[in-house]
Amino acid sequence: MESVAVLLPAGLLAGYFVLAGCDVGLGMLAPYVARTPQERRRIVSAAAPYFLGSEVWLVAAVGVVAGLFPALEAEVVAGQWPLFVALLAGWLWRDAGLWLRGRVAAAAWHAVWDAAVAVGSWLIALSWGLVLAALLGGGVLPPLFTPVCVVAVAVLFLLRGAAFGAERLVPVDGSAGSESADAAARATRTLARTGLVVLPVAVLAAWADGGVDAGAAALAVAVVMLAALAVTAGVSGPRWSRLTSAVALAALPAVVAAGAELPVAVSDPRSLTLVVAATAPMLPVMAVGQVWLYRLVRRPAAASGFFA
Amino acid sequence: MFDDPLLWARLQFALTAGTHYTFVAFTLGMAALILAAQFSAVLRRDGARLAAVRFWGGLYVVNYGMGVLSGLVMEVQLALNWNGLNDVFGHVFSAPLAVETVAAFFTESTFLGLWIFGWDRMNRWLHLACFGVVTLTAYLSAFWVLVSNGFLKNPVGFEMRDGVAVLTDPAALVTNPSALLAFGHVAVSALLVGGLVMAGVSAYHLRRGNDPDGMFRRGVRRGVLVASLALFPTAAVGGAQYPLLVDAPPTSGTTLDAAEIERIEAAASGVVHGLAGTGNAVMTLCWTVFLCVLPLALLAWPLRGLDRWRWLQWLLPVLPVLSLLAGVGGWLYRELGRQPWAVRHHMTTAEAVTELSPGLALLSFVLFTGAFAVLAGITGWLLVRFARRGPEGGPLAPAPAPDDTAAVPVHRY
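Since the structure is predicted, the reported quantities are computational estimates derived from the model, not experimental observations.

What counts, and at which threshold
- Residues numbered from 1 in each chain as written.
- Chains lettered and ligands numbered in written order.
- Predicted model: local features only at pLDDT ≥ 70, side-chain atom pairs only at ≥ 80, totals over all residues.
- Axes fitted to C-alpha atoms, helices over the stretch in contact; angles between N-to-C directions.
- Helix = DSSP H or I, 4+ residues; strand = E, 2+ residues; numbered from the N terminus.
- Parallel < 35°, antiparallel > 145°, perpendicular 65-115°, else oblique.
- Left-handed = near helix turned anticlockwise from the far one by under 90°.
- Contact = placed C-beta atoms within 7 Å.
- Core = buried A, V, L, I, M, F, W, Y, C linked by C-beta atoms within 7 Å.
- Buried ≥ 20, exposed ≤ 12 C-beta atoms within 10 Å, placed from the backbone.
- Expected span 1.5 Å × (residues − 1).
- Pairing = 2+ DSSP bridges.

Caption draft 1: Structural view of the packing of helix 10 (residues 269-279) of chain A against helix 3 (residues 83-117) of chain B. Two numbers describe how helix 10 of chain A lies on helix 3 of chain B: the axes approach to 9 Å, and their chain directions differ by 20 degrees. Relative to helix 3 of chain B, the element helix 10 of chain A lies roughly parallel. Of the two elements, helix 10 of chain A crosses helix 3 of chain B, and the hand of that crossing is right-handed. Mapping the contact onto sequence places A:Ser271, A:Leu274, A:Val275, A:Ala278 and A:Thr279 in helix 10 of chain A and B:His91, B:Ala95, B:Ala98, B:Val99, B:Val102 and B:Ala103 in helix 3 of chain B.

Caption draft 2: Representation of the nonpolar core within the structure. Ranked by internal contacts, the top residues of the largest apolar core, which has 265 residues, are A:Ala61, A:Leu132, A:Val153 and B:Trp56. Here B:Trp56 is in contact with B:Met30, B:Leu33, B:Ile34 and B:Ala37, once residues within four sequence places are set aside.

Caption draft 3: Main features of the interface of chain B and chain A. On the chain A side, the residues contacting the 54 residues of chain B number 50 residues. Going through the elements one at a time, helix 2 (47-81), helix 3, strand 2 (164-167) and helix 15 (358-389) of chain B are the ones with two or more residues in the side of chain B that touches chain A. Element by element, the count of residues in the side of chain B that touches chain A is highest for helix 3 of chain B, at 25 residues.

Caption draft 4: Representation of helix 6 (residues 177-207) of chain B in the model. Residue and element names in this part refer to chain B. Counted at 1.5 Å a residue, the expected span for helix 6 with its 31 residues is 45 Å, and the 44 Å between its end C-alpha atoms agrees. With 26 of its 31 residues buried, helix 6 lies for the most part within the structure. Of the residues one or two after helix 6, Gly209 is the one with positive phi, at around 75 degrees.

Caption draft 5: Geometry of the pairing of strand 2 of chain B. Residue and element names in this part refer to chain B. Burial along strand 2 is one-sided: the residues Ala165 and Leu167 are buried and none of Val164 and Val166 is. Relative to strand 2, strand 1 (residues 158-161) is paired through 4 bridges, and the arrangement is antiparallel. Across the sheet, residue Arg161 finds its bridge partner in strand 2, namely Val164. If you look at the hairpin formed by strand 1 and strand 2, you'll find 2 residues sitting between the two strands, and Asp162 has a positive phi there, around 55 degrees.

Caption draft 6: Quick peek at unusual backbone geometry. All names here are of chain B. For the bond from Gln339 to Pro340, the omega torsion is 5 degrees, close enough to zero to count as cis. Tracing the backbone shows Pro340 in the loop between helix 13 (319-338) and strand 3 (341-343). Backbone geometry at Arg45 places phi at a positive 50 degrees, although glycine is not the residue there. Residue placement: Arg45 occurs in the loop between helix 1 (5-44) and helix 2. Positive phi outside glycine occurs at Asp120, with the angle close to 65 degrees.

This is the structure in structure tokens:
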């Protein structure tokens, strides 16, 4: 029961990366794929329904780690204080941008909050890269591995965002203006090819850097990520990108689980019982809600709504 | 004093929690009122009432954004800045918060997304049900957060083993009177806030003669009724908590002996307790204002005064602001009154804080309190703006029909 319990935060984090990778990645890609005000608006109305359903996975993961794995929380969150402050700041401003952007019909207002979305999204992705590097480095940022790791994680987020944008940025009424969706679709191949170069360099850097002590299991996960990127790098890459980008991002917590030594023992079974007993009745509602939300917003982004 | 990381961490928590609660009280109160309004609209198949729901819902969603933003910071802040508390009491204090994030907030945010985007895209009863889930999980969220907060004030249900608190009695933790009474008080006072918001905004529009389809006539009556019904229970449940302030918690003495407890309490700052008293005074004073005005509003109701007495229509919009102020005052009273303890009779606030350098603590304070000031200010401005604007062009108003700009001949021969 106790070692299985770590699957709960691990699963929540995997879900977060797969789902939130879409809206964070799209936010990062926004300055590149969206050039006109119309396209910028479509970016926000694409990301906006998703982030409500995706960020809650991270909120839940942090809650579960704090509540059931205090030793893990102390080592990871409090131990990497500056990185999580940066992550929180990026998250806060990215969300503020999405919530506030559509409230005033002025170009200057839109510009400010679009910038907040883009900068915040980049900060989120870069912070996660640093956190990953720190965890694999045993609590310290390894000097050789860190920059490559950060670039690799950023590429994975960008890829997920591009895959997401390729579908969601298509104009809803079939009218002209699909340049941003096309740009995103083309970007999936480019990003996958970049990833195919960066990822082996990251593995080499990890091997060369004395601070990183990841074993064969982490390498196996890296090979899976490489395979996903290879599929996406080919001619039919954009078609597969939705699936492969999800696999690549979901592999991130798996790399940490396989490669980092973290205190994951649940030392208080009654706390676990309380959390499981209190959340079990809500699980069907949560599942229905999430599936329903993603199905509802799978149609291309509407021209106007609360968020844009 | 200003190079003390504890002071910065405490100030940051106080300011961010106070801001968070202001938006939460609005959320809790308005959710119940909007649910009732939408139920009425769906039952009667009334488009005009549904337009009114779009108006109130628009204010709700604008407010909810800041509620979420502040909530994210609250959650991560506890993990970042209050590591000492988590090290010792993590299993007991943070477990209910874990339930809140997984079961309550997760569901609430998901179904709010469904409610916002599902408008006119799903069966209207399903759409209402989505908001029902949102309301229920909002209150559930408040409950679990108050279970954690109630534990700090009245620690029950645990044992100290090797310097770590281990949960031995989950039932006691969940039925802690400090938690249950606080939840009751928060729930009812939130209804007071919601009622006053609806009454205040409606009175503003009635004063200006703006009342599309009678929505503000209905709004002022509903708001006054709900606020009046919530007024005495707020004081009653709140007052029921006073005995808990005096009695020592049942687990008192298991970590520190009575002499040490007395010594720590004697060394506590009198300024903090003075501030706590000020919070109590503000809260009580605001409640007294409501006690004076709401009976007048109830009296005005059969005399058609709610529609015609301008002095009352000037007075009512002030009350929601006072109710939010009362909420902050109440929290100051609760939290500062517990000082110097983080966990009463077990851990002081000084022991609960993470070991940070003064520079990092100051940086965190500036970053997050600054961000809150900006975002809360913007949200407050937007709320007032949209409240004054009315249902036309509100945040949840239906998208305007596509502009038919093709030239059409005016006359046909």
